[in-house]
Amino acid sequence: MARKFHEPKLVIASHNQGKVREIADLLAPFGVSVVSAAVLGLPEPEETGATFIENAELKALAAAHGSGLPALADDSGLAVHALGGEPGIHSARWAETGAGRDFGRAMEKVEAALAGKSDRGAHFACVLALAWPDGHVESFEGRVDGTLVWPPRGDKGFGYDPVFQPDGRAITFGEMEPDKKHAISHRADAFAKLVAACFEGGER
Ligand code: IMP
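Let me begin by describing the structure that accompanies this report. Per-chain numbering applies: the sequence of each chain, read as written, is numbered from 1 onward. Given that the model is predicted, a residue must reach a pLDDT of at least 70 before its local features are reported, and side-chain atom pairs must reach 80 or more before they are shown or counted; all residues, however, enter totals for whole chains, interfaces and linings. Values reported for side chains reflect all heavy atoms of the structure, with hydrogen atoms and water molecules removed beforehand.

**Concerning the packing of aromatic side chains**
Two aromatic rings from Phe, Tyr or Trp, using only the six-membered ring of Trp, form a pair when their centres are within 6.5 Å; if the ring planes differ by under 30 degrees the pair is stacked, by over 60 it is edge-to-face, and anything between is tilted. Taken as a whole and assessed by the stated rule, the structure comprises eight aromatic pairs. What links up through ring pairs into an aromatic cluster is the set F5, F30, W132, F191 and F199.

**Overview of the site of the ligand**
Here a residue counts as near a molecule or strand whenever at least one of its heavy atoms sits within 4 Å of it. Around the ligand, a shell composed of 19 residues is seen, among which K19, F103, D161, K181 and R187 lie nearest. N or O atoms within 3.5 Å of each other form a polar contact, as long as, within protein, one can give a hydrogen and the other can take it, and as long as residues adjacent in sequence are counted only when both atoms are side-chain atoms. One of the side-chain N or O atoms of H186 is found 3.2 Å from a nitrogen atom in the ligand. For the ligand, whose unbound accessible area comes to 480 Å², protein coverage reaches 96%. In DSSP terms, a helix is any run of H or I states spanning at least four residues, a strand is any run of E spanning at least two, and both are numbered starting from the N terminus. Secondary structure elements with two or more residues in the shell around the ligand: β3 (71-80) and α5 (186-198). Considering every element that reaches the shell around the ligand, the biggest residue donor is β3, with four residues. The protein chains shown are the only cover counted for residues, whose accessible areas, like all others here, come from Shrake-Rupley with a 1.4 Å probe.

**Examining helix α3 (residues 103-114)**
If you check α3, its first and last C-alpha atoms are 16 Å apart, about what twelve residues at 1.5 Å a residue would give, namely 16 Å. Regarding α3, the residues found buried are A106, M107, V110, E111 and L114. Along the axis of α3, the buried positions cluster into a sector of 140°, meaning they face one direction only. Contacts between residues were defined by any pair of non-hydrogen atoms, one from each residue, lying within 4.5 Å. In this fold, the buried residues of α3 make contact with β3 and β5 (137-148). Between the first and last residue of a helix there are one fewer steps than residues, each counted as 1.5 Å, and that sum is the expected span. Relative accessibility under 20% of the residue-type maximum defines a buried residue, over 50% an exposed one, and the middle range a partly exposed one, all with a 1.4 Å probe and only protein chains included. It is the directions from the helix axis to the C-beta atoms whose arc is reported.

**Notes on the pattern of salt bridges**
The salt bridge definition used is simple: a Lys or Arg side-chain nitrogen within 4 Å of an Asp or Glu carboxyl oxygen. The full count for this structure, using the stated rule, is 15 salt bridges. E47 serves as the salt-bridge partner of K59, at 3.2 Å between the closest nitrogen and oxygen. You can see K59 sitting in helix α2 (residues 52-67) and its partner E47 sitting in the loop between β2 (33-36) and α2, a full twelve residues away along the chain. The partner of E111 in a salt bridge is R120, and the shortest N-O contact between them spans 2.8 Å.

**Structural notes on the sheet that holds β5**
In a beta sheet, neighbouring strands are held together by backbone hydrogen bonds and run either parallel or antiparallel to one another. When DSSP finds two or more bridges between two strands, those strands count as paired. Strands sit in the order β2-β1-β3-β4-β5-β6 across an open sheet of six strands; the sheet is mixed. One side of each edge strand has no neighbouring strand; the edge strands of this open sheet are β2 and β6 (164-166). Going across the sheet, the axis of each strand differs from the next one's by a mean of 35°, ignoring polarity. By the bridge criterion, four bridges tie strand β1 (residues 9-12) to β2 in an arrangement that is parallel. Axes here refer to lines fitted to C-alpha atoms; in helices the fit is confined to the stretch in contact. Angles between the N-to-C directions go from 0 to 180 degrees.

**Some details on the pairing of β3**
Within β3, ten of the ten residues are buried, which leaves it mostly tucked inside the rest of the structure. Across the two faces of β3 the burial is the same, with A71, A73, D75, G77 and A79 and L72, D74, S76, L78 and V80 all buried. Examined bridge by bridge, β1 and β3 share two bridges and lie parallel to one another. The partner of V11 across the bridge, within β3, is A71. The pairing of β3 with strand β4 (residues 121-131) spans ten bridges and is classified as antiparallel. Looking across to β4, one finds that A79 is bridged to H123.

**Overview of unusual backbone geometry**
Of note, the amide linkage connecting E86 to P87 takes the cis form, showing an omega dihedral of -5°. As for its position among the elements, P87 is in the loop between β3 and α3. Of note, the bond from W150 into P151 is cis; its omega dihedral lies within 30 degrees of zero at 5°. Along the polypeptide, P151 turns up in the loop between β5 and β6.

Okay, here's the thing in structure tokens:
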């Protein structure tokens with residue numbers, strides 16, 4: 001049995017504005033007041049885990065211990081099937097330039113690595129970890145499958161959204177209205193599992 005969440009306030013353990021916005025949107029119906037780790041001035045822990053779950057849990061625990069509040073962390077990324085799941089947990093790292101992150105460059109690198117490969121399948125994966133200050137953690141994994149397109153299309157999302165076309169749609173996540181993306185994304189899938197397990201009675 002998962003531990004239920006009853007507290008009035010939650011830290012979103014991320015310094016990524018795109019993720020904070022999406023998670024705050026997903027939490028909006030539950031009447032929980034949210035604050036981001038960046039606003040609290042919490043340091044970003046080093047992501048030393050080998051999996052999405054390990055990284056999500058270490059980020060959630062660091063924020064819960066640092067703030068004394070429950071904390072929700074997301075570790076996510078783009079897994080490209082013909083690349084053995086890369087960039088995967090290294091999705092942000094593929095965008096590092098030495099002078100900040102450049103996802104245009106990261107998408108180019110993925111495209112270059114895919115040259116000559118016929119399988120353009122990929123999925124976004126997301127683990128949401130909810131940690132309490134006493135060290136208890138609950139984690140949930142979600143995914144959305146799709147195909148990589150080139151060139152990138154749309155500027156409504158973040159990260160790799162402009163090259164990811166979810167199965168059954170003719171537009172990329174970058175072209176999709178945020179509420180439409182939030183209904184089918186890997187994060188929404190993980191979030192639905194989190195809500196079913198940890199939030200009593202759904203909307204409150
Ligand atoms: P993390 O902060 O280590 O979890 O990095 C995850 C990276 O994966 C982000 O910086 C994005 O580049 C990418 N990513 C995760 N979720 C999404 C998404 O919904 N759209 C586009 N890119 C994403």
